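Analysis of the macromolecular model
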Amino acid sequence: MTGDPHLDLRSGVFRNRLGLTDRAELATAEKRFTTARIGQLKRRRLPGTYDLEHLRVFHWTIF
């Protein structure tokens, strides 16, 4: 393993708020969360000017 502070050294999976250490479980959870967030954005758009800062808000909202 590398010295990456974002990795759980035992599992090799990125540390996450859910405490998941299985790659498949984390991928499934990420897919569910991002799909739900994108659905919310389809129903209620983020106001903005579609500049770099607006892109950052989209990213923060989805991920």
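Structural notes, computed from the coordinates. Small disclaimer: the values here were computed from a predicted structure and weren't measured.

Here we take up the overall build of the protein chain. Regarding its fold elements, the protein chain presents two helices and zero strands. Taken over C-alpha atoms, the radius of gyration comes to 15 Å for the protein chain, far larger than the 11 Å a tight globule of 63 residues would show. For the C-alpha atoms alone, the extent of the protein chain along its principal axes is close to 45 × 25 × 15 Å. Within the protein chain, counting contacts between residues at least 6 apart in sequence, those at least 24 apart form 12% of the total. Approximately 5,700 Å² of the protein chain is accessible, and the part contributed by carbon and sulfur atoms is 58%. The distance from the centre of the 12 positive side-chain charges to the centre of the 7 negative ones in the protein chain is 8 Å.

Under the definition given, this model contains two salt bridges. Between arginine 56 and glutamate 53 there is a salt bridge, with the nearest N and O atoms lying 3.4 Å from each other. With arginine 56 and glutamate 53 both in helix H2 (residues 52-62) and three residues apart, the pair spans about one turn of that helix. On the basis of relative accessibility, which here comes to 48%, the residue arginine 56 falls in the partly exposed class. Exposure remark for glutamate 53: the relative accessible area of 45% places this residue in the partly exposed category.

Procedures and definitions
- Residues numbered from 1 in each chain as written.
- Predicted model: local features only at pLDDT ≥ 70, side-chain atom pairs only at ≥ 80, totals over all residues.
- Heavy atoms only, no water.
- Helix = DSSP H or I, 4+ residues; strand = E, 2+ residues; numbered from the N terminus.
- Rg over C-alpha atoms; globule rule 2.2 N^0.38 Å.
- Contact = heavy atoms within 4.5 Å.
- Areas by Shrake-Rupley, 256 points an atom, 1.4 Å probe, with all protein chains shown as cover.
- Lys, Arg positive; Asp, Glu negative; His and termini not counted.
- Charge placed at Lys NZ, Arg CZ, Asp CG, Glu CD.
- Salt bridge = Lys/Arg side-chain N within 4 Å of Asp/Glu carboxyl O.
- Buried < 20%, exposed > 50% of the residue type's maximum accessible area, 1.4 Å probe, protein only.

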